[in-house]
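# Residue-level structure breakdown
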There are 4 protein chains.
Amino acid sequence: MTDSVKPRARGADKRRRLTTAAARVLHEQGVERTTLADIARAADVPVGNVYYYFKTKDELVQAALSEHSTHLDELTGRLAELADPRDRLKALVQAWVDQRDVAARYGCPTGTLAVELDKRTDGSLDVEAGAVIRRLLDWVGDQFRALGVDDADGMAVTLVSAYQGMSLLANALRDPDIMTREGARLADWLDSLQGAGRTP
Amino acid sequence: MTDSVKPRARGADKRRRLTTAAARVLHEQGVERTTLADIARAADVPVGNVYYYFKTKDELVQAALSEHSTHLDELTGRLAELADPRDRLKALVQAWVDQRDVAARYGCPTGTLAVELDKRTDGSLDVEAGAVIRRLLDWVGDQFRALGVDDADGMAVTLVSAYQGMSLLANALRDPDIMTREGARLADWLDSLQGAGRTP
Amino acid sequence: MTDSVKPRARGADKRRRLTTAAARVLHEQGVERTTLADIARAADVPVGNVYYYFKTKDELVQAALSEHSTHLDELTGRLAELADPRDRLKALVQAWVDQRDVAARYGCPTGTLAVELDKRTDGSLDVEAGAVIRRLLDWVGDQFRALGVDDADGMAVTLVSAYQGMSLLANALRDPDIMTREGARLADWLDSLQGAGRTP
Amino acid sequence: MTDSVKPRARGADKRRRLTTAAARVLHEQGVERTTLADIARAADVPVGNVYYYFKTKDELVQAALSEHSTHLDELTGRLAELADPRDRLKALVQAWVDQRDVAARYGCPTGTLAVELDKRTDGSLDVEAGAVIRRLLDWVGDQFRALGVDDADGMAVTLVSAYQGMSLLANALRDPDIMTREGARLADWLDSLQGAGRTP
DNA sequence: TATGAATGAGGATTCATTCAT
DNA sequence: GATGAATGAATCCTCATTCAT
């Protein structure tokens, strides 16, 4: 019987639903404009019950951050199957471009979260948002290193910076095509790199 | 008598103080975390008096946006004195780098404002934030055009995008050096461009 | 015209009404069982407006404490008009007895407040409640000293202790007569004391 | 088999643990500031399970009250072994003094519970708290009667009153020495009693 | 114009109690 | 009997906005 597993399964399920809903709604509405009731509604969970799973709103923000971090892991996991680091980076850029419509409407989930959390003077969530970005930087840096370029970490900053910048502009101008065009430029840049890289 | 002028003068002064305070405090704390009382206090204006000058909080946000727009005008005005468009762009980049400490703490004023306002579904402030960024894009595009490069507007997007991206990363990682390094890279890139702007 | 004074007067008035209401309602219902709405209603002030005068619930508790402290001052002020310290102490006891019905229903305002606040592990209100009691102890000690008895402070503890004890018992047993009987016993005891205060 | 008994035994054990925990935690934190979860945790019983043993929170308060009542019985039971009623009363006072540190931190368990419950307008727990105190009064009165003093019940009120008062003061001032000094005074007073008592 | 005061609609959080296994 | 999970009513507190003078 799966019956005996059900309660716990349902509990885990609710936690999952709340996390997913939090990630989505916080991305769409921002942290401050999102009420717990919004998240609860999106997850189809009674408001009072949210606190069984998350003691504070900040813990939900934290969970959303972890969710984005997990998405990053899944993405880099898939990209790891590509043999050539250059192909991995190009596939990463392509993944960004594929998200152009969401980015044009709501920006990069992690980037916009970081922007909002960095306004805080209290708490440590800002640091955690930075940590997710740093993990992306590290992975990108590893690929550049595998490519044999000088200053792999500097190039990682350039690439991720370009991604955050184009997402912000696409969002501010509500124009997904910016993602497409800048993505193409980045792909060309990656193609042009010999062992020693050139700037875009 | 200057007495009769004083009230009006003081009125204009208050409006100005409120606008300046709004620009600064909204940048530092974000729109949602800033209360009218915060701005009133920073401007040394009684809370109840704010509404004489600004009918809603959004009007204050709007005023802050205009303030940033004015700053942009002043900057481009100064840059216009440089003869070479390439020098103008390089000076622009240098101006960004000069702001690195503020950027590392609070991000680009206009960019972070745009990120926050873009989360809204109501109002039109998001559009206005985009408009400020578009004016920067236009000005940069004009310089690239003067330089004689192909796809001047596309390059403008690349440059402004890089600025927003490096500001966001510097902010998220609390590292002003990112601004310095990426700024240097952008300067190199501008130097490497073939164009009418510089004699051989 | 008193019109121009009115606003401030009304403001001060409201603060006063809130303080008085807080002192009474907190005494009657206890700190934890009293909601801000209870106090607001008793003072006939809209709930949201309470926060204009008191930033937190604890500040209202604090105000209630000050109110009791003021009552104590007023009482000792009146007693100071009596020439003989023994008479002062006896009048103090009489004042306690006069409050027997309130004490039988709700206990000593300061004592019960202290009991409740002493359960807290946070904040400093418990200390302040103790301070009010200590001021009573000090005043009583001064009278005993004036009477020329040995160990005036120890006797003060005994007297105040007796007051707190009889109030607690009267309250727990809902029997005001306990106040009357113990009050009489205390008066006898004061009379029996040898001291400089009374000629033979 | 003891197997079939075990569950019940365990059940009784849990009930006991809950009662003991309730008595302690309610004394330390007060009724209103103590959550069922606090008690459950202190008793190492799952929250949801508490309701198998106690239908409401008030029943737990009631159980705590009974616990204190039982402690009183145990104490008077031990004191009954002393032949002289005066010695019994002096031993009672000594028992109070022995608890001085707890009293200085949390007050008399029954007294502070009574103070808190007396603020209620509903329920009957306030009466029950009074009943425990009355049983103490009755026992003390019996001892005074055995001593042959006039107005034994009045003297009982005086003695118990002194105990409650000194506990409250020790608690409010966080000073256990108050218990020691007042205890000594009470012992002297008991010693000084002839058949017909004198007030302290 | 200026300003202290007022207002009420939320919003996060807590918790006793109940319920489904 | 046992227990994790669920529920919703309450409560404190915030704040944009309005008002009276």
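All residue numbers refer to position in the chain's written sequence, counted from 1. For this description, chains carry letters from A and ligands carry numbers from 1, given in the order in which they are written. pLDDT decides what is reported in this predicted model: residues at 70 or higher carry local features, side-chain atom pairs at 80 or more are listed and counted, and totals for whole chains, interfaces and linings draw on all residues regardless. Where side-chain values are given, they derive from all heavy atoms of the structure, hydrogens and water being excluded.

### Side note on the relation of the copies chain D and chain C
- Here the copies are superposed with least squares, the fitted atoms being C-alpha atoms of residues at a pLDDT of at least 70 in both. With an RMSD of 0.1 Å, chain D superimposes on chain C once it is rotated by 179° and translated 0.0 Å along the axis. A rotation of that kind, with that shift, is consistent with a two-fold axis.
- Comparing contact sets, 95% of the residues at the interface of chain D also lie at the interface in chain C, consistent with an isologous, same-surface contact. In this description, contact between two residues means that some pair of their heavy atoms is separated by no more than 4.5 Å.

### Remarks on the interface of chain D and chain C
- The partner chain C presents 43 residues to the 44 residues of chain D that form the contact.
- Here, a salt bridge means any side-chain nitrogen of Lys or Arg that lies within 4 Å of a carboxyl oxygen of Asp or Glu. Here chain D is connected to chain C by 10 salt bridges.
- Arg-174 of chain D is the partner of Asp-118 of chain C in a salt bridge, and the nearest nitrogen-oxygen pair spans 2.9 Å.
- By the criterion applied in these results, polar contacts are pairs of N or O atoms within 3.5 Å in which, for protein atoms, one can donate a hydrogen and the other can accept it, and in which residues neighboring in sequence qualify only through two side-chain atoms. Where chain D touches chain C, the interface holds 27 residue pairs in polar contact (both at pLDDT 80 or more).
- Elements that contribute at least two residues to the side of chain D that touches chain C include exactly α1 (5-29), α6 (100-106), α7 (109-117), α8 (125-147), α9 (152-172) and α10 (177-192) of chain D. Segments assigned H or I by DSSP are reported as helices when at least four residues long, segments assigned E as strands when at least two residues long, and all are numbered from the N terminus.

### Some details on the protein's contact with DNA strand E
- Surrounding DNA strand E, one finds 26 residues, the nearest of these being Tyr-52 and Tyr-53 of chain B together with Pro-46, Tyr-52 and Tyr-53 of chain C.
- Only heavy atoms are used to decide nearness, and a residue is near a molecule or strand if one of them lies within 4 Å of it. Put simply, 76% of the atoms of DNA strand E that lie within 4 Å of the protein are in sugar or phosphate.
- The contact in question runs from a phosphate oxygen of DNA strand E to an N or O atom on the side chain of Tyr-51 of chain A, over 3.0 Å.
- Between DNA strand E and Tyr-53 of chain B there is a distance of 2.4 Å, counted from a phosphate oxygen to a side-chain nitrogen or oxygen.
- For the surface near DNA strand E, the secondary structure elements donating two or more residues are α3 (47-53) of chain A, α3 (47-53) of chain B together with α3 (47-53) of chain C.
- Looking at the surface near DNA strand E residue by residue, the classes come out as 10 nonpolar, 11 polar and 5 charged. Each residue is assigned to one class: nonpolar for Ala, Val, Leu, Ile, Met, Phe, Trp, Tyr, Cys and Pro, charged for Asp, Glu, Lys and Arg, and polar for all the others, Gly among them.

### Focus: the interface of chain A and chain B
- Each side of the interface is counted separately: chain A has 44 residues, and chain B has 43 residues.
- Buried area counts how much accessible surface, traced with a 1.4 Å probe, disappears from two parts once they are put together, with both parts' losses summed. Summed over both sides, the interface of chain A with chain B buries roughly 3700 Å², with 56% coming from carbon and sulfur.
- In this structure, the connection of chain A to chain B is made through 10 salt bridges.
- The residue Asp-122 of chain A makes a salt bridge to Arg-33 of chain B at a minimum N-O spacing of 3.5 Å.
- Summed over the shared surface of chain A and chain B, the result is 27 residue pairs in polar contact (both at pLDDT 80 or more).
- Residue assignment for the side of chain A that touches chain B shows that the elements contributing at least two residues are α1 (6-29), α6 (100-106), α7 (109-117), α8 (125-147), α9 (152-172) and α10 (177-192) of chain A.
- At 14 residues, α9 of chain A tops the list of elements feeding residues into the side of chain A that touches chain B.

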